[in-house]
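In case you want the letters, here they are:
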Amino acid sequence: MKRYQGLKAMRITVSVAVAAVITLLWIEYSDLVLGAMGWIEHTQIIPAGMALSGVTILFWLVMTALFGRIYCSMFCPLGVVQDVAARLGRMSRKGSRRDYHYSPPMTRLRYCSLAVVAVCLFTGLLIIPAILDPYSMYSAFVLNVLKPVWGWVNNAVAAFGVYTGWWTVTYVSVITASLFGIALSVVSLAGVAVSAWISGRPFCNTICPVGTVLGIVSVRSLWHIDIDTDLCTNCRKCEHACKAHCIDLTDHVVDGSRCVGCFDCLTVCPDDAIFYRPDRKQLSLPMMQSLDSPKIGRASACSGTSASASMNTDTKGMKNALNTISDETISRTS
């Protein structure tokens, strides 16, 4: 649908801008970005939970209840990493191998992961939440991997400027993380990126504790993805574009608890049959009635009796008419 192209473009713009600011926030060696945009860290759910910021958590719960999981699609930096990896993964495949398909929710795994994170937060064991939280995972990768690399590049440029006399760049003190910290950051982010390359956004709907909490709220969000069954021709293009694997075209239902609000499905439907709206398509009442309803049963029985009686009467009348015609024919012949 062309009407949703602007909505999707806005979502991509916001998500890239947020990810860029968060990257600069952790990669820089001065306090320039930190002083101007440091507040953005406080919009992230797990850090807000660790800081006992009830206002931030309440804000995102309300926003999710209204608009679905827009946090996952616009304000999570790890979501951008997954979107890029998923895009590159689809481009690398050909034919039907590019298509996503509906899969049942892994409810048990989602709630087990959330329970583990909740217990660790209450007991003060923060290493596991830091590993599973998407914001912490991304910021740790920037700090442990990208920031030292940026520091070395900065010092190399500064040294070249001193050697040639062309410019002056301030040297920075590069602080490297431990080998374990670097390895953990690389393995964690690489694992999420590879899973996104293969299958879209499985991390968001299986292990991510933030996704599970928001999914509980978004299952009945006011604004949501809805399919018009009167217009849908089951081309399955929306299902094939859904990297959350949550569009079930057998029942024409979108699992709101797993929909990450990427809006990819809205722009591929050739029949204008899928919408992002506050109301839900309802089937007409006769189609929703049960065939074994007592009223329908009695009506069917009465109709059947009347039809049978009428058919018997018509049959007798036809037989009498045929006998009369036969007798007249015989008499004329004689």
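Refer to the structure printed above.
To keep things clear, this report deals only with the structure shown in the data block. (Residues numbered from 1 in each chain as written. Predicted model: local features only at pLDDT ≥ 70, side-chain atom pairs only at ≥ 80, totals over all residues. Heavy atoms only, no water.)

## Quick look at the nonpolar core
Next, step 1: Residues Tyr71, Ile225, Ile247, Leu266 and Ile274 are the most contacted members of the largest nonpolar core, which totals 40 residues.
Next, step 2: Listed by contribution, the elements that provide at least two residues to this core are helix H3 (45–50), helix H5 (70–75), helix H9 (134–164), helix H10 (179–199), helix H11 (209–218), strand E1 (224–227) and strand E4 (274–277).
Next, step 3: The biggest single contributor to this core is H5, with four residues.
Next, step 4: Filtering out sequence-adjacent residues up to four positions away, Ile225 remains in contact with Val254, Cys259, Phe263, Cys265, Leu266, Ile274, Phe275 and Tyr276.
Next, step 5: By size, the runner-up hydrophobic cluster in this structure holds 10 residues, among which are Val21, Ile22, Leu25 and Tyr138. (Core = buried A, V, L, I, M, F, W, Y, C linked by side-chain atoms within 4.5 Å. Buried < 20%, exposed > 50% of the residue type's maximum accessible area, 1.4 Å probe, protein only. Helix = DSSP H or I, 4+ residues; strand = E, 2+ residues; numbered from the N terminus. Contact = heavy atoms within 4.5 Å.)

## Topic: the pattern of salt bridges
Next, step 1: Throughout the structure, instances matching the rule amount to 11 salt bridges.
Next, step 2: We note a salt bridge from Arg277 to Asp279, for which the minimum N-O separation is 3.6 Å.
Next, step 3: Each member of the salt-bridge network shares a partner with another, and the members are Lys8, Arg11, Asp83, Arg201, Lys243 and Asp264. (Salt bridge = Lys/Arg side-chain N within 4 Å of Asp/Glu carboxyl O.)

## Examining the packing of aromatic side chains
Any two aromatic rings considered together are summarised by their centre-to-centre distance and by the angle between their planes.
Next, step 1: Under the criterion given, the structure shown has eight aromatic pairs.
Next, step 2: Here the aromatic rings of Phe160 and Trp167 are separated by 5.7 Å at their centres, their planes lie at 45°, and the arrangement is tilted.
Next, step 3: Taking relative accessible area as the criterion, Phe160 reaches 39% and is therefore assigned partly exposed.
Next, step 4: With 5.5 Å between their ring centres and 45° between their planes, Trp223 and Tyr276 make a pair best called tilted. One end of the pair, Trp223, is in the loop between H11 and E1; the other, Tyr276, is in strand E4, and 53 residues separate them in sequence.
Next, step 5: The exposure class of Tyr276 is buried, given its relative accessible area of 13%.
Next, step 6: Within the aromatic cluster, the residues linked to one another by ring pairs are Phe59, Trp60, Tyr71 and Phe75.
Next, step 7: The ring of Tyr29 has Lys147 lying over it, and the distance from NZ or CZ to the ring centre is 4.9 Å. (Phe/Tyr/Trp six-rings, centres within 6.5 Å; stacked < 30°, edge-to-face > 60°. Lys NZ or Arg CZ within 6 Å of the ring centre and 35° of its normal.)

## Topic: unusual backbone geometry
Most peptide bonds take the trans configuration, and most residues that are not glycine carry a negative phi.
Next, step 1: In this model, His245 sits at a positive phi of 55°, which is unusual for a non-glycine residue.
Next, step 2: Checked against the element boundaries, His245 lands in the loop between helix H12 (237–241) and strand E2 (247–248).
Next, step 3: Positive phi, close to 65°, is recorded for Phe263, a residue that is not glycine.
Next, step 4: Take Phe263: it is sitting in the loop between strand E3 (253–254) and E4.

## Concerning the pairing of E4
Look at any regular strand and the pattern is simple: side chains alternate between the two faces of the sheet.
Next, step 1: Every second residue of E4 is oriented toward a common face, with Ile274 and Tyr276 on one face and Phe275 and Arg277 on the other, all of them buried.
Next, step 2: Pairing of E1 with E4 involves four bridges; the strand directions are antiparallel. From the neighbouring strand, Ile227 faces E4, where its bridge partner is Ile274. (Pairing = 2+ DSSP bridges.)

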